[in-house]
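Here are the chains, one letter per residue:
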Amino acid sequence: MLPRSLQTENVPAEDGTIVGSVQSSLSRPRTEYEWLTDGTGRALPVPAVNGKPVKDHFASAIRDGWVSGGSADPGRESPVQASAVLWNPRTGDISVTADQGLNESVNARGWIVGDSVTHAALKAGGKQLTLPDLGNHTVPDNIATTISDDGTALAGHAEDSNGQPAAVQWRCH
């Protein structure tokens, strides 16, 4: 049976692998999937928090074997309160952290970027770094959406003082 709904993210990995979701009917949950370049695919494991499978999850980016995304914790109804998820399909490892908003992109090291509810953020090596605010905002108007493989260049968007979106870049040493 073909899926009723199929959604893929728009940036494939360097080898052409893509991630996305399949859903057989609107009454059934989505399944996050990784499609390989040979046409085969595999479901990504359902994340768990405190031993309980999450109600909803999504894969948002893939890079060099790492897949980043988010999940709604059991008991939470809003995807805005999503935790960060990092899959390593090569090893089968999956980690879920309470880092809300860190689900925009991933690099070859497994570092993830996004926002920390109020500011752009990076999580690397188990530590989260809040990136400098580029407009003195109190809401997530500074969001990192991509990161270089070496982690020295991050880019995203922010609103300027007039509320207009602008491309931004952070450089790390």
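Just so you know, these numbers come straight off a predicted model, no measurement behind them.

**Section: the pairing of strand E14 (residues 127–130)**
In this structure, strand E13 (residues 120–124) lies alongside E14, joined through 4 bridges in antiparallel fashion. Along E14, the bridge assignment pairs Lys 123 with Gln 128. Hairpin connection, E13 to E14: the antiparallel pair is bridged by 2 residues, and Gly 125 has positive phi, about 55°.

**What to know about the sheet that holds strand E8 (residues 66–72)**
Read across the sheet, 4 strands follow the order E7-E8-E9-E10 without closing on themselves; strand pairing throughout is antiparallel. Unpaired on one side and paired on the other, strand E7 (56–63) and strand E10 (93–97) mark the two borders of the sheet. Looking at each pair of strands side by side, their axes are set apart by 20° on average, direction ignored. With 5 bridges connecting them, strand E9 (residues 83–88) and E10 associate as antiparallel partners. Paired with Trp 87 across the strands is Ile 94, a residue of E10.

**Comments concerning the nonpolar core**
Ranked by size, the top nonpolar core spans 12 residues in total: Trp 111, Val 113, Ala 120, Leu 122, Ala 124, Leu 131, Ala 144, Ile 147, Leu 154, Ala 158, Val 168 and Trp 170. Counting residues per element, the ones that place at least two in this core are E13, strand E15 (142–147), strand E16 (153–159) and strand E17 (165–171). Sort the elements by how many residues they give to this core and E13 lands first, with 3 residues. Residue contacts for Ala 158: discarding those within four places in its chain leaves Asp 141, Asn 142, Gln 164, Pro 165, Ala 166 and Val 168.

**Let's talk about the sheet that holds E17**
The 3 strands lie next to each other as E15-E16-E17, forming an open sheet whose pairing is antiparallel. The sheet is open, and its two borders are formed by E15 and E17, each paired with just one other strand. Across the sheet, the mean angle separating the axes of adjacent strands is 30° when strand polarity is ignored. Of the strand pairs in this sheet, E16 and E17 are connected by 7 bridges, and their pairing is antiparallel. Bridged to Gly 156 within E17 is Val 168.

**Points about the side chain of His 57**
Within the secondary structure layout, His 57 lies in strand E7. For His 57, a relative accessible area of 5% puts it in the buried group. In this structure His 57 touches Arg 30, Glu 32, Pro 45, Val 46, Pro 47, Gly 70, Ser 71 and Trp 87, once residues within four positions along its chain are discounted.

**Quick look at the packing of aromatic side chains**
This structure, assessed with the given rule, holds 1 aromatic pair. Ring geometry for Tyr 33 against Trp 35: centres 5.2 Å apart, planes inclined by 40°, an arrangement best described as tilted. Given the relative accessible area of 23%, Tyr 33 is considered partly exposed.

**Notes on unusual backbone geometry**
At Asp 64, a position not held by glycine, the phi torsion is positive, near 45°. Relative to the helices and strands, Asp 64 is located in the loop between E7 and E8. Given the relative accessible area of 31%, Asp 64 is considered partly exposed.

**Looking at the pattern of salt bridges**
Using the criterion set out here, one finds 3 salt bridges in the structure. Note that Arg 42 is salt-bridged to Glu 34, the shortest N-O span being 2.6 Å. Salt-bridge contacts for Asp 149 lead to Arg 63; the nearest nitrogen and oxygen are separated by 2.3 Å. Placement of Asp 149 in the loop between E15 and E16 and of Arg 63 in strand E7 is noted, with a sequence separation of 86 residues between them. Several salt bridges converge on common partners, so that one network encompasses Glu 14, Arg 63 and Asp 149.

Conventions adopted
Residues numbered from 1 in each chain as written. Predicted model: local features only at pLDDT ≥ 70, side-chain atom pairs only at ≥ 80, totals over all residues. Heavy atoms only, no water. Pairing = 2+ DSSP bridges. Helix = DSSP H or I, 4+ residues; strand = E, 2+ residues; numbered from the N terminus. Axes fitted to C-alpha atoms, helices over the stretch in contact; angles between N-to-C directions. Core = buried A, V, L, I, M, F, W, Y, C linked by side-chain atoms within 4.5 Å. Buried < 20%, exposed > 50% of the residue type's maximum accessible area, 1.4 Å probe, protein only. Contact = heavy atoms within 4.5 Å. Phe/Tyr/Trp six-rings, centres within 6.5 Å; stacked < 30°, edge-to-face > 60°. Salt bridge = Lys/Arg side-chain N within 4 Å of Asp/Glu carboxyl O.

These results come straight from atomic positions and should not be treated as a statement about function.
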